[in-house]
Amino acid sequence: MCLFPQNAWLSANPPLSWSIWRNVPFALLGALVIVVFLRGARQAGDRAFCWMWLAIVLSFAFYIPVVLWADVVPLVGMLMIPKTCAYVWVVWMGFSDMHRKRKETVK
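As the structure is a computational prediction, the values presented were derived from the model and not from experiment. (Residues numbered from 1 in each chain as written. Predicted model: local features only at pLDDT ≥ 70, side-chain atom pairs only at ≥ 80, totals over all residues. Heavy atoms only, no water.)

Visitor: With reference to specific residues and values, describe the side chain of Lys83.
Guide: Residue placement: Lys83 occurs in helix α3 (residues 80-106). Buried charge Lys83 goes without a salt bridge, the closest partner of opposite sign being Asp71 at 16 Å. Ignoring anything within four residues of it in the chain, the contact list for Lys83 reads Ser59, Phe62 and Tyr63. (Helix = DSSP H or I, 4+ residues; strand = E, 2+ residues; numbered from the N terminus. Buried < 20%, exposed > 50% of the residue type's maximum accessible area, 1.4 Å probe, protein only. Lys, Arg positive; Asp, Glu negative; His and termini not counted. Salt bridge = Lys/Arg side-chain N within 4 Å of Asp/Glu carboxyl O. Contact = heavy atoms within 4.5 Å.)

Right under this line is the structure:
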């Protein structure tokens, strides 16, 4: 979808509708990932990833307003900062679990 000329990437005012259409598959995939992590962590009793779903929800919650309103209110773009913090939290959860498993393997 990003390759369609209707995106008007080189235009000073690209159409909002195409910005939304580009993000629909991304949002649907994100919703699926949220459900998978929520169910998977609960079923497995996985303490390392029990909050992964929340980090993903937060990243989308901060990203969606940017897609919708950053052109009208540029300050909304600052929501990318907490979105990035949510990503850092995701990486931290994965790194912590990897480090814990490596320590258990060494023992």
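Visitor: Could you give me a rundown of the packing of aromatic side chains, with the residues and numbers involved?
Guide: Counted according to the given criterion, the structure contains six aromatic pairs. Summarising the aromatic geometry, the rings of Phe4 and Trp18 are spaced 5.5 Å apart at their centres and angled 65 degrees between planes, so their arrangement reads as edge-to-face. In this pair, Phe4 sits in the segment before α1 (16-44) while Trp18 sits in helix α1, placing the two residues 14 residues apart along the sequence. Taking relative accessible area as the criterion, Phe4 reaches 43% and is therefore assigned partly exposed. Here the aromatic rings of Phe26 and Tyr63 are separated by 5.7 Å at their centres, their planes lie at 85 degrees, and the arrangement is edge-to-face. (Phe/Tyr/Trp six-rings, centres within 6.5 Å; stacked < 30°, edge-to-face > 60°.)

Visitor: Run through the packing of helix α2 (residues 52-69) against α3, naming residues and quoting values.
Guide: Each pair of packed helices can be described by the angle between their axes along with the distance between the axes. With their axes 8 Å apart at the nearest point, α2 and α3 run at an angle of 160 degrees to one another. Between α2 and α3, the angle falls in the class roughly antiparallel. Considering how the two elements wind past one another, α2 and α3 form a crossing that is left-handed. Listed contacts from α3 to Met52, Leu54, Ala55, Leu58, Ser59, Phe62, Tyr63 and Val66 of α2 are Met80, Pro82, Lys83, Ala86, Tyr87, Trp89, Val90 and Met93. For the contact of α2 with α3, the class distribution of residues is 14 nonpolar, one polar and one charged. (Axes fitted to C-alpha atoms, helices over the stretch in contact; angles between N-to-C directions. Parallel < 35°, antiparallel > 145°, perpendicular 65-115°, else oblique. Left-handed = near helix turned anticlockwise from the far one by under 90°. Nonpolar A, V, L, I, M, F, W, Y, C, P; charged D, E, K, R; others polar.)

Visitor: Hey, could you go over the nonpolar core for me, with residue numbers and the actual values?
Guide: Formed by Ile34, Phe49, Met52, Ala55, Ile56, Phe60 and Met93, the largest nonpolar core amounts to seven residues. The dominant element in this core, judged by the number of residues it contributes, is α2, at four residues. (Core = buried A, V, L, I, M, F, W, Y, C linked by side-chain atoms within 4.5 Å.)

Visitor: An account of unusual backbone geometry is needed here, citing residue identities and associated values.
Guide: With phi around 50 degrees, Ala8 is a residue other than glycine that occupies positive phi space. Take Ala8: it is sitting in the segment before α1.

Visitor: Quick rundown of the environment of Tyr87? Include the residues and the values.
Guide: Considering the arrangement of structural elements, one finds Tyr87 in helix α3. Relative accessible area serves as the criterion here: at 37%, Tyr87 is assigned to the partly exposed category. A distance of 2.6 Å separates polar atoms of two side chains, one belonging to Tyr87 and the other to Lys83. (Polar contact = N/O pair within 3.5 Å; in protein donor to acceptor, adjacent residues only side chain to side chain.)

Visitor: Help me get a handle on the confidence of the model for the chain, residues and values and all.
Guide: Atom-level detail of predicted coordinates should not be read off regions where pLDDT is low. Across the chain, the average pLDDT comes to 92, with 100% of residues at 70 or higher. Predicted confidence in the chain is weakest over α1, with a mean pLDDT of 93, and strongest over α2, with 95. (pLDDT = per-residue confidence, 0-100.)

Visitor: Tell me about the side chain of Arg22, and please be specific about residues and values.
Guide: Locating Arg22 in the fold gives a position in helix α1. Although Arg22 is buried, it makes no salt bridge; Asp71 carries the closest opposite charge, 7.7 Å away.

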